[in-house]
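Structural characterization, general
Now for the letters of each chain:
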Amino acid sequence: MNILEELNNEQRAAVEHIEGPVMVLAGAGSGKTRVLTYKVAHLINLGVDPFSILALTFTNKAAREMKKRIITLVDNHDARNVWMGTFHSIFARILRIEAHRLGFPSHFTIYDTDDSRNLMKSVITEQELDTKIYTPAYVLNRISQAKINLVTPTVYNSDPQLLLQDKIAGRPKTGHLYSLYQNRLIKASAMDFDDLLLNMHRLLEEYPDMLYKYQQKFLFILVDEYQDTNYVQYAILKKLAANNENICVVGDDAQSIYAFRGATIQNILNFKSDYLDAFTYKLEQNYRSTKTIVKAANGVIVNNKDQIFKEIWTNNEEGHLIGLLKATTDSEEGALVANAIFENKMNHQLRNDAFTILYRTNAQSRAFEESLRKLNIPYRIYGGLSFYKRKEIKDMLAYYRLVINNRDEEALLRIINYPARGIGKTSCERLALEADRSKTSICEVIERMPDRLFDIPMPTQKKMNDFMVMIKSFSIQLKTRNAYELAREIASAAGILKELHEDKSPEGISRFENIEELLNAIHDFSEQQERLSLTAENLENVPRTLDEFMQEVALLTDADTPDSEDPDHVSLMTIHAAKGLEFPYVYIVGMEENLFPSIQSLNSRADLEEERRLFYVALTRAMKKVTLSYAENRYRWGTLTISEPSRFIDEIDFAAFDIPKKVSFIPEENRFMTSGSDMQGTRDQRHPFRKNFKRILPSSGDDLPAPGDDTDLIQVGMNVEHARFGTGKVISMEGTGPNKKATIYFQNIGQKQLLLKFAKLRIR
DNA sequence: ACCGTATTCAGCGCG
DNA sequence: TGAATACGGT
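Our subject in this report is the structure included herewith. These figures come from a predicted structure and were not determined experimentally.

So, about the overall build of chain A. Helix and strand content of chain A: 32 helices and 23 strands. Looking at chain A alone, contacts between residues at least 24 apart form 73% of all its contacts between residues at least 6 apart. In the structure as shown, chain A presents an accessible area of about 35500 Å², 52% of it carried by carbon and sulfur atoms.

Okay, structure coming up:
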């Protein structure tokens, strides 16, 4: 059977167009992933060597599922040799092969965000800078932005504009911290996530033979979720594809929801000018949702200015109207939604996994959990602490990391005194200081220890040395021993098994079980015969080793831990986490101004438009029915706040709503002023339920701001003007009501903290 | 080294 | 509010 016959005309055209640059603009639910998988399958069917196909996805999970699908499609196991994975995992594989070019050992460690944060924290404290001003998060964010834009420390520190920005932000040392941070990474033979991209780019940029090699290798390049790629990813693709330009990108600008961490929609918008003979296909038929949902989603997204025009349509039934639930409080919202799910489930004989609750922020999950539990409805929260982020697992992995890479400082500092061996904090700090001074790694400092006199007590030096000897004794066994045996031996030699076994508290027992589970995973791994296609050439009977395991683990996350529980549960997750998924019944909750759209997004149109795209993504997850809910009052950060319904509700045609009787105590004359008429009604007229939310300002008595200033509109990040101090930028705000204070950086006089009720600030 | 209390700070999060 | 960290006393 010809697999192409399973596609519609546009999909098929995109799949069969195999040469030259192709962009597939695929609306939500239009079979985007389908095009990608069928295209790879088609290529293989045409006789293309799977080893020469590079397919990049957004998550490991997507890669795994796609690969599985392709193998069944082509019914040929060779399909597993396609280079399919995330940008990070594919580039990590290549970088391990070519590491020596860039001065790294092939066993370099990949630092996760915790490692990066800890390292940055030490760098900042060692520089004796104020960690309140130089928060690791801020500095790392700056560095990440720099790396994404190919800005190395050297470039950064000679770029007047960047330096000026840091100066204005009151953090002139940021560039210096970048250099120090990067040096520490190199010293530890480590790369952070952004380095995997940046170094891949360097490899292709600085070594023409490498560029040639990988251009020759990857004859066909496919990219999923192109709207969520950033500049360095774009630049790498541009280089790899430069030879024959057989590059096919698939994406939907309307679903770009990761601009906040550097993804840029420009990659899609510029595709045609980057590749002059580019061919564009638009997939506009939605196979997922009802007409009602598609219409609602179109009505929302049309409010964005930055977009490529698409008209999504569907042949599906009209379907249910959109539900709208109004609650008095956040906990009532939880109860309303849980009850609605319960009723729906009972009335229509549905399974729990037909339902999902989507929210803007993780903090909202609690009310829904409680209500679902009361009704005995099984649920699962996605995106919580993943297995590999748990403390005990990270501790154990730190041992393995250190055995593999003795210079891995973050791993060393994490475990040198866990379990407790009497090596205290001060001694560790001195150790780190000495490593920094002598420009070597901590591990080398320890090894030279007895010969030198540090201000570390002799017994402690001895203990440090014993520790390092133990680690190294395992290092030499890495290549010869089976992953599982070695892993278990390290676990017991380190004392972790004993430590956790003795802890009989419920948490201790669960930690012990988690370690066992980790060891089981390693056991399964070492039993598998199949290796990465990368090492397929040396198929001898070498056991699978611990460092191979760790290479796979470094880039795994949440979604990669399969859940063993009953799969029939209601899913709770953030909208971001729901990207790419679909559910019959979707509840989008917390539809309130300042929550969704988020208060932080109200400063710029770009941010607001990203929120709107997020809402678009949420709506288009649904197959059968969407229900929106909001609460009039909500506890946020410990205080009760009054909310009004989200502007996004207004953007859906009022006629699409199924307004429950109990909410519509609406004056008759407003009843029929729906958007069905051409009348340019106010928001209140179009959406009568809003009437109940006549803004009630908290009474602030005498403290009401004088008319003519902008006091209660001021937000972090705004430029403001003060009668005496001139113009400045709001850095942070604290307090509530009349006691609201803002920290403002004034151009002329520097930082000041002002009580808003007195400051009479104007927004500029 | 360890524990209880004070303080701070709250967006979304791939790899 | 509550989790996560910092601090300060034993």
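So, on to the pairing of strand 17 (residues 639–642). Both strand 16 (residues 622–636) and strand 17 contribute to a ladder of four bridges, which runs antiparallel. If you follow Tyr635 over to strand 17, its bridge partner there is Leu640.

Inspection of the region around DNA strand C gives Arg117, Arg366, Trp637 and Gly638 as its neighbouring residues. Take the atoms of DNA strand C that sit within 4 Å of the protein: sugar and phosphate atoms are 46% of them. Contacts to DNA strand C include Arg366, whose side-chain N or O atom sits 3.1 Å from a phosphate oxygen.

Going through the model one piece at a time under the given rule, you end up with 45 salt bridges. Between Arg184 and Glu126 there is a salt bridge, with its nearest N and O atoms 2.9 Å apart. Taken together, the residues span a long stretch of sequence, with Arg184 in helix 9 (residues 174–187) and Glu126 in helix 5 (residues 113–126) at a distance of 58 residues. The exposure class assigned to Arg184 is buried, which follows from its relative accessible area of 6%. Using a relative accessible area of 26% as the deciding quantity, one classes Glu126 as partly exposed. The closest approach of N and O atoms between Arg481 and Glu485, which form a salt bridge, is 3.4 Å. One continuous salt-bridge network, built from bridges that share partners, spans Lys32, Asp224, Glu225, Asp228 and Lys579.

The next subject is the nonpolar core. Within the largest apolar cluster, 53 residues are counted, with the highest numbers of intra-cluster contacts made by Tyr399, Tyr400, Leu518 and Leu546. If one sorts the elements of this core by residue count, helix 18 (residues 391–404) sits on top with nine residues. If near-sequence neighbours (up to four positions away) are discounted, Tyr400 is found in contact with Ala487, Ile490, Ala491, Leu518, Leu519, Ile522, Leu546 and Met550.

The element strand 16 is extensively covered by neighbouring structure, given that eleven of its 15 residues are classed as buried. As paired strands, strand 11 (residues 322–329) and strand 16 are joined by six bridges and run parallel to one another. The residue bridging Gly323 from the neighbouring strand is Thr627, located in strand 16. Here five bridges tie strand 15 (residues 583–588) to strand 16, and the two strands are oriented parallel to one another. In the sheet register, Val586 faces strand 16, and the bridge partner there is Val626.

About the criteria used
- Residues numbered from 1 in each chain as written.
- Chains lettered and ligands numbered in written order.
- Predicted model: local features only at pLDDT ≥ 70, side-chain atom pairs only at ≥ 80, totals over all residues.
- Heavy atoms only, no water.
- Helix = DSSP H or I, 4+ residues; strand = E, 2+ residues; numbered from the N terminus.
- Contact = heavy atoms within 4.5 Å.
- Areas by Shrake-Rupley, 256 points an atom, 1.4 Å probe, with all protein chains shown as cover.
- Pairing = 2+ DSSP bridges.
- Near = heavy atom within 4 Å.
- Polar contact = N/O pair within 3.5 Å; in protein donor to acceptor, adjacent residues only side chain to side chain.
- Salt bridge = Lys/Arg side-chain N within 4 Å of Asp/Glu carboxyl O.
- Buried < 20%, exposed > 50% of the residue type's maximum accessible area, 1.4 Å probe, protein only.
- Core = buried A, V, L, I, M, F, W, Y, C linked by side-chain atoms within 4.5 Å.

The values reported here are purely geometric and, on their own, carry no functional implication.
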